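# A look at the structure
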Amino acid sequence: MNLAYRWFCQLGLEKTIPDHSTFSKNRHGRFRASSLFREVFNSVLNRCMEEGLVKAEGFAADASFIRADVSRQCMEHSPVDWTSDKTESRAVKEYLDFLDKDPNLIRPQKSVSLTDPMCQWSGAKGPANFFYSTNYMIDVDNNIIVDVEGSPSTHAMEVSATKTMIERTEKTHGLKPKKFIADTAYGSGYNLAYLVGEKNIEPHIPLWEKGERKDGTFSRSDFEWNDEADEYTCPAGKQLKRFRRNYKNPRTGITKAGEIKYRASVTDCRNCPLKEKCCPNTEYRKVTRSVHEKFRDEARSITSSNVYLNRSRHERKKVEMLFAHMKRNLNFNRLRLRGLNSANDEFIMVAIAQNLKRLVKICGYSPPNTGLVCL
């Protein structure tokens, strides 16, 4: 066998090498139980911190799809009857254990892979296939990956992974950014409430404004908000209130989506000269407001500032540069293992390699000049 292999495993020339399945069993057993890959990642990150490459001024996060190691033909439509002959594989057992802990963490999907049911069927990146997502959180100063987390390729799981990475980075390394940079997908009210309300982090995240209209009628921004009175004022000067009458049993008026509807009076709208420009097809005008609107207002003020326009929105693209390097230079386009735990191990190893390359590129030393001349 290769001498470097024997040297690394501390084997002599006459010793018998272990069977290849030994490494697989150790990887699925004590390696994973001991969080070995995560410890290696943390040690590399600590070295980057010692070299001054992590400033914790701003973190950026994003997710990228990676094809799962499954066949498109080996799938069924939900619901799937997981009988004993279908639950023998390790990936399926992990999926069922995951559902037993909290069945609401994974949304039901129409197409389920029988070999790796945790991966998600998606056509967002071209031809439909099964994918996992690798979530990166980087320090924007030197593009060092401060944390990585694998997840099924759903928006909710990717945003949840971001919260996990922020908590773990602060607990393990004591790193807490002053600002958090991400794209519109991370601009939900719940995520902004976590960043601003709980962690006191500036959200440099553009918002998806659902209240803006493009048909020429008044948008939500045309209505003036009165926080003390808990009401909106329309362009005609009339009030939109949460309730128009008193209820015997008090109500909150908050929908399942975390929004509050404010309604105008039918009489006010019927006699209003601006009705054709406000609500031409309905009897009265309604305006919705998120329960986390004050955090959304802070994100709006930041994304309209010169700091965001000149710097933050460009720094957000640094995460995509790492994903491009991962797929083009490292040729990591498809997983080799199955199951979320195995996928997470692969994502961590790729992040380790990228951090090591970045560390060597910035802090590497040239070989000493011995004065020898090669003929």
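Overview of the structure. (Residues numbered from 1 in each chain as written. Predicted model: local features only at pLDDT ≥ 70, side-chain atom pairs only at ≥ 80, totals over all residues. Heavy atoms only, no water.)

## A look at the overall build of the protein chain
Which entries qualify depends on this criterion: Secondary structure is summarised from DSSP: a helix means a run of H or I of at least four residues, a strand means a run of E of at least two, and numbering begins at the N terminus for each. Type-normalised accessible area, obtained with a 1.4 Å probe on protein chains alone, sets the label of each residue: buried when under 20%, exposed when over 50%, and partly exposed for intermediate values. We call two residues contacting when some pair of their heavy atoms lies within 4.5 Å. Residue-level accessible areas treat just the shown protein chains as cover; the underlying method is Shrake-Rupley with a 1.4 Å probe. Counted as positive: Lys and Arg. Counted as negative: Asp and Glu, with His and the chain ends omitted from the count. Positions of charges follow a simple convention, taking NZ of Lys, CZ of Arg, CG of Asp or CD of Glu.
The secondary structure content of the protein chain amounts to twelve helices and 13 strands. A principal-axis box enclosing the C-alpha atoms of the protein chain has dimensions of 95 × 65 × 35 Å. Buried residues in the protein chain amount to 42% of all 375 residues. Considering only intrachain contacts with a sequence separation of at least 6, the fraction spanning at least 24 residues in the protein chain is 65%. Carbon and sulfur atoms make up 51% of the accessible area of the protein chain, which totals about 22,100 Å². The averaged location of the 47 negative side-chain charges in the protein chain is 3 Å from the averaged location of its 61 positive side-chain charges.

## Observations regarding the side chain of serine 342
For serine 342, the position within the fold is in helix H12 (residues 340-363). Residues in contact with serine 342, not counting those within four places in the same chain, are His28, Arg32, Arg90 and Leu337.

## So, the nonpolar core
Our working rule: Take the buried residues of types Ala, Val, Leu, Ile, Met, Phe, Trp, Tyr and Cys, join any two whose side-chain atoms come within 4.5 Å, and each joined set is a nonpolar core.
With 61 residues, the main nonpolar core has Phe41, Tyr132, Tyr136, Phe180 and Phe347 as its most contacted residues. The element that contributes the greatest number of residues to this core is H12, accounting for nine residues.

## What to know about the packing of aromatic side chains
Using the following cut-off: A pair of Phe, Tyr and Trp rings is counted when the ring centres sit within 6.5 Å of each other, with Trp represented by its six-membered ring. The angle between the planes then sorts it: under 30 degrees is stacked, over 60 is edge-to-face, the rest tilted. Any Lys NZ or Arg CZ found within 6 Å of a ring centre and within 35 degrees of that ring's normal is scored as a charge over the ring.
Scanning all chains against the criterion turns up seven aromatic pairs. Ring plane angle 40° and centroid distance 5.3 Å describe the contact between phenylalanine 65 and phenylalanine 131, whose orientation is recorded as tilted. Taken as a pair, phenylalanine 65 in strand E1 (residues 58-67) and phenylalanine 131 in strand E5 (residues 129-139) lie far apart in primary sequence, 66 residues in all. With a centroid separation of 5.5 Å and 80° between ring planes, the pair formed by tyrosine 232 and tyrosine 262 is classed as edge-to-face. In this pair, tyrosine 232 is assigned in strand E10 (residues 231-233) and tyrosine 262 in strand E12 (residues 259-263), connecting sequence segments 30 residues apart. Both residues of the pair, tyrosine 232 and tyrosine 262, count as buried. Cluster of aromatic residues (ring-pair linked, three or more members): Trp225, Tyr232 and Tyr262. Stacked on the ring of tryptophan 225, the Lys or Arg arginine 289 has its end atom at 3.9 Å from the ring centre.

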